[in-house]
Amino acid sequence: MQEKLFSYIWRHTRAQQIYVLLVILVSMPFYFLSLDLPKSIVNGPIQGKGFEAAGAAQLFLRLEVGNPFGEGSVLLFPGIAMERLPYLVAMSLLFLLLVAINGWFKWYINVYKGRLGERMLRRLRYDLVDRVLRFPPSHFKRLKAPEVATMVKDEVEPLGGFIGDAFTQPLFLGGQALTAMVFIIVQSLWLGLIAGGIVLLQAILMPKLRQRLLVLGRERQLGARDLAGRVGEVVDGIGEIRVNDATNWERADLSRRLGRIYFIRLELYNRKFFVKFLNNFLSQVTPFLFYLVGGYYAIQGQLDIGQLVAVIAAYKELPSPIKELIDWDQQRQDVDIKYTQVMEQFAPDAMIDPAQQRAASQAPKPIDRPIEVARLTVTDDTGATLVENVSFTLAPGERVAVIGQVNAGGESVSEALVRLLWPTAGRIRLQDTDLGNLPDSVLGRRIGYAGPAPYLPNLSIRECLVYGLRHVPISKPSYVGDSLKQHHIELAEAAASGNTELDSTADWIDYTAAGVADRKGLERRLIEVLKLVELDEDVHQQGLRSRIDPVAQPDRVTGVLRARAELRRKLDDPELGRLVEPFDPARYNRLASVAENLLFGTAVSPAFEPAQLPTNPHVLEVLSATGLDEALFEMGRRIAETVLELFGDLPPNHPFFEQLSFMAAEDLPDYRAITLRAAGQRLASATADDRQKLLRLPFSYIESRHRFGLMGEALEAQIVKARAQLRAALSAQAKGAVDFFEPDQYNAASSLQDNILFGRVAHGIANGPERVQRLVQQLLDELGLDALVHEAGLSFMVGAAGKRLTQSQRQKIAVARALLKRPDILVMNRALSTLDQKSQRAILDRLIALSKSTTPPITLFCVLTSPQAADAFDRVLCFEDGQLADDGAPALLKSKGGLYARLTA
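What counts, and at which threshold
Residues numbered from 1 in each chain as written. Predicted model: local features only at pLDDT ≥ 70, side-chain atom pairs only at ≥ 80, totals over all residues. Heavy atoms only, no water. Helix = DSSP H or I, 4+ residues; strand = E, 2+ residues; numbered from the N terminus. Buried < 20%, exposed > 50% of the residue type's maximum accessible area, 1.4 Å probe, protein only. Contact = heavy atoms within 4.5 Å. Areas by Shrake-Rupley, 256 points an atom, 1.4 Å probe, with all protein chains shown as cover. Expected span 1.5 Å × (residues − 1). Arc of directions from axis to C-beta. Phe/Tyr/Trp six-rings, centres within 6.5 Å; stacked < 30°, edge-to-face > 60°. Lys NZ or Arg CZ within 6 Å of the ring centre and 35° of its normal. Pairing = 2+ DSSP bridges. Axes fitted to C-alpha atoms, helices over the stretch in contact; angles between N-to-C directions. Lys, Arg positive; Asp, Glu negative; His and termini not counted. Salt bridge = Lys/Arg side-chain N within 4 Å of Asp/Glu carboxyl O. Polar contact = N/O pair within 3.5 Å; in protein donor to acceptor, adjacent residues only side chain to side chain. Right-handed = clockwise from strand over helix to strand, strands pointing away. Core = buried A, V, L, I, M, F, W, Y, C linked by side-chain atoms within 4.5 Å. Patch = residues over 30% accessible without salt bridge, like charges linked within 9 Å, V, L, I, M, F, W, Y side chains within 5 Å.

Asker: Just checking my understanding: could you explain the overall build of the protein for this structure?
Answerer: When you go through the protein residue by residue, the secondary structure sums to 35 helices and 20 strands. Each of the 905 residues in the protein was classed as buried or not, and the buried ones make up 46%. Once local pairs closer than 6 in sequence are excluded, the contacts in the protein between residues at least 24 apart make up 75%. Of the roughly 45500 Å² of accessible surface on the protein, 56% is carried by carbon and sulfur atoms.

Asker: Where do I start with the side chain of Q542 in this structure?
Answerer: Within the secondary structure, Q542 is located in helix α18 (residues 536–545). The residues touching Q542, leaving out its near neighbours within four places in the chain, are G793 and F796.

Asker: Any chance you could explain helix α31 (residues 786–794) here in plain terms?
Answerer: Because each turn of an α-helix spans 3.6 residues, side chains separated by three or four positions in sequence point in the same direction. When α31 is considered as a whole, its buried residues turn out to be L788, V789, H790, A792, G793 and L794. Contacts made by the buried residues of α31 are with α14 (461–465), α17 (519–532), α18, α19 (554–570), α29 (752–757) and α30 (768–783).

Asker: Please clarify how α30 should be interpreted in this entry.
Answerer: In this model, α30 (16 residues) spans 23 Å end to end at C-alpha, consistent with the 22 Å of a helix rising 1.5 Å per residue. Looking at α30, one finds that the buried residues are G768, V772, L775, V776, L779 and L780. The buried residues of α30 occupy an angular sector of 135° when the element is viewed end-on, so they sit on one face. Two residues or fewer past α30, G784 is found with a positive phi of approximately 70°.

Asker: So what exactly am I meant to see when it comes to the packing of aromatic side chains here?
Answerer: The geometry of an aromatic ring pair is captured by the separation of the ring centres together with the interplanar angle, meaning the angle of the planes. In this structure the tally under the stated criterion is 14 aromatic pairs. An angle of 35° between the planes, with centres 5.9 Å apart, marks the rings of Y8 and Y339 as tilted. Of this pair, Y8 sits in helix α1 (residues 5–46) while Y339 sits in helix α11 (residues 319–345), and the two are 331 residues apart along the sequence. Its relative accessible area of 1% is what places Y8 among the buried residues. Y339 sits in the buried class, given a relative accessible area of 1%. Consider the rings of F30 and F105, whose centres lie 5.8 Å apart with planes at 40°: the pair is tilted. Taken together, the residues F30 in helix α1 and F105 in helix α2 (residues 84–132) connect sequence positions 75 residues apart. By the ring-pair criterion, three or more aromatic residues cluster together here, those being Y19, F30, W104, F105, Y108 and Y112. Positioned over the ring face of F758 is R564, at 4.1 Å from the centre of the ring.

Asker: Which parts of the structure should I look at to understand the sheet that holds strand β20 (residues 883–888)?
Answerer: Backbone-to-backbone hydrogen bonds pair the strands of a sheet. The strands run either parallel or antiparallel. Overall, mixed pairing links the six strands, which are arranged β10-β17-β18-β7-β19-β20 in an open sheet. Edge strands, defined here as strands with exactly one partner in the open sheet, are β10 (447–450) and β20. Between one strand axis and the next, the sheet turns through 15° on average, direction left out of account. Sheet analysis places strand β7 (residues 399–403) next to strand β19 (residues 875–880), joined by four bridges and oriented parallel.

Asker: Would you explain the side chain of R131 in this entry?
Answerer: With respect to the helices, strands and loops of the structure, R131 is situated in helix α2. One buried charge, R131, has no salt-bridge partner; the nearest side chain with opposite charge is D130, at 6.5 Å. A polar contact of 2.6 Å, which involves the side chain of R131, links it to the backbone oxygen of F346.

Asker: Is there a simple way to explain the pairing of strand β17 (residues 825–829) in this structure?
Answerer: Remember that side chains alternate between the two faces of the sheet whenever the strand is regular. For β17, the buried fraction is high: five of the five residues fall into the buried class. Two strands pair when backbone bridges link them, and β17 and strand β18 (residues 859–863) are joined in this way by five bridges, in the parallel orientation. Bridge pairing in β18 places M828 opposite C862. Taking the sense of rotation as the criterion, the β-α-β connection linking β17, helix α33 (residues 837–853) and β18 turns out right-handed.

Asker: It is not clear to me how the nonpolar core should be interpreted in this structure. Could you clarify?
Answerer: When a protein is soluble and globular, its nonpolar side chains tend to lie buried together. The biggest cluster of nonpolar side chains holds 56 residues, and the ones touching the most others in it are L465, L522, L847 and L864. Looking at which element gives the most residues to this core, the answer is helix α32 (residues 807–820), with seven residues. Aside from chain neighbours lying at most four places away, what touches L864 is A401, V402, I403, R830, L844, A869, A870 and F873. Core analysis: the second largest hydrophobic core is formed by 47 residues, M635, Y701, L715 and F740 among them.

Asker: Help me out: how do you make sense of a nonpolar patch on the surface in this one?
Answerer: Taken together, the side chains of L85, V89, L93, F95, L96 and V99 define a hydrophobic patch exposed on the protein surface, amounting to about 560 Å² of accessible area. Topologically, V99 is positioned in helix α2.

Structure (structure tokens):
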């Protein structure tokens, strides 16, 4: 990328800029004619010049060109003879035509410039992100992600609007201004000199006054970038901020930064609008002089009225291009500063050669030779030594454990092996080639890496796992009709904007690298690697808790309904039937709450969540119509009295309150006051707040769980009757607010597990939930639906940076992702550090067994959290203070004593 913005623009838009210049030159004669025509209209048909005699006529559109090679002229068109009124109409229509032609030229040029600017903005943003992908590893430690995002998104935005104007705007506006000035001078030299003098004063004075505005604009930009970076730090460190009670310091720091931006913007506004006032004043001085001087010349007979009107009309066109030219010059300086500032951040030393990241459709050859690490020294960006003078050789298929204190050097060596750190001295050779010279296609496909803090994009678990299989498009999507046409347009625009033409909607998954033939095989392979890292059960449980779209996935729905029917059959067994009470539209479910029984469905709208039911107008209307409002109000009062009697004297931190779903310990005083007010009252006489709070209590009541003896068969029947009325009312007035339970239909708002159970699990039965869980799992295995559940679990979105998962789950996904591409070398840098030692050892044992069973065997290089696990490896490297202290087989090192013995003791 060029250091100067104009060089960057000219390099990529030279042909387009020349084309627009030609269009501008073609438009200038039409613009001049539009300025000259009003004079002819005023002097001719309006004032009657040439029409003095009765019946006189003038020739309209007579075109005659002088002979440049001699005397006389060439008549191109003899014209059309017209009397005064028709001539006025024809001239006016010609003026309107010229206005339309000039307007079309402006429209065409502006649209072309806008398209050109957007293409260049797209190119610029792409180039900047492309450069981010090629930054040296050490540079990222000095970057703040929000600042980089702000620069790419916001700071280069003004450049897009300017790029289209960079060359064409001064030519177009300058051409218009020059044409208007020439026209004024042709009419009157003195008026032309006046206009020229004012314009010259503006051109000299305005840029000088705006110099400070440019400085302030730069300070404002830097302040906004700094603010974005600080806000990003607050978001990333919110946990530390809260646990250290630093929220108010952060507020004060934020206020200081906002104040700095405020005062910069305040000064900017003051200066900006003063410059605008002065510019507008100078623009209005010229018409004053035109009226004064031009009027004097007209009175003296030295200037006719038509010329004066034409001069004034021409000057009315002059301030706009002059002002826009001045604005363009300010914008030029502003965007030039912005471009320079951005390029300073995106032009670090030692950037990665683009050739190293070029897309390679052919898979690289396997790594079947030793990796030689010779006198390796690595320092960080501050100059501190991380690793010094380390030498060893990693043989193919060798299983090497790396142990030592945290940051003793093993971590840095592992990162250097995958080029996350670059050697300061020494070398790492792979297959007779320096590691730094190998393309990313070799490292990314033949070497797997998992670190202690993996970053996961906000995708599904499946997408995060296959991320390491996406190198180049494998097959293109099938486009037909309009979609094919749109696809070609998008590719053409990408090429015109200098973007990659690789199609992100294509299938990028390298099934061969995963060792499978198609997507179905990949799903089975995903389950295999998840089992290896002990994540399959987590994914399975997440699948049971997931929802699916019955319209988009009808095959899954069929399987779930089949499982529900089979479960109903199994629950006919009296022993199993005690565990689950199914949902029946005609019966009250005694294992479900009053709210669940009343709605008999899953709330889709937040207004029908249990906490909102006491204020929901649809629910209150049905309760009132059925008389349930009085019954539930009385029930709520009795629940409050019972809770106060049982728990009113307990301390707020008593564990009983954890089992109480009605109210929290801090709510007890409020409910004590409510029960005193509500004693002997009916619903109508209670306050709105008391009604709402007392009605909330019974909606969470489950007789089989709470056992207050408040539910009888009559009340149950009344709720079932109200259920039908509420459903009818919602179907008519709030359709889609609740997804109702239907025995033979899938409930899209409920999870897979709830759809299979289609009921509630009994309370108080020993190991009841566990037995039900095993029953559901057995059923899924029998029906072959286990893959369906895993598929749903793999569709779970992990959240921003994987924050919806635990740290151990993120680490397991990183290891599974590295294994999925079947690497020749697997580098693990404390990749299981958040797991307990037993789980770490189990996973490591599986990895070692996998390494031995694979042909050729996988080379393992594992920086261990637990040194005791090193005895399972072929070889151990012991690091201390950035140096390799011991190197050998575990048994040999143990017999020698030294660092290995101390670490494993």
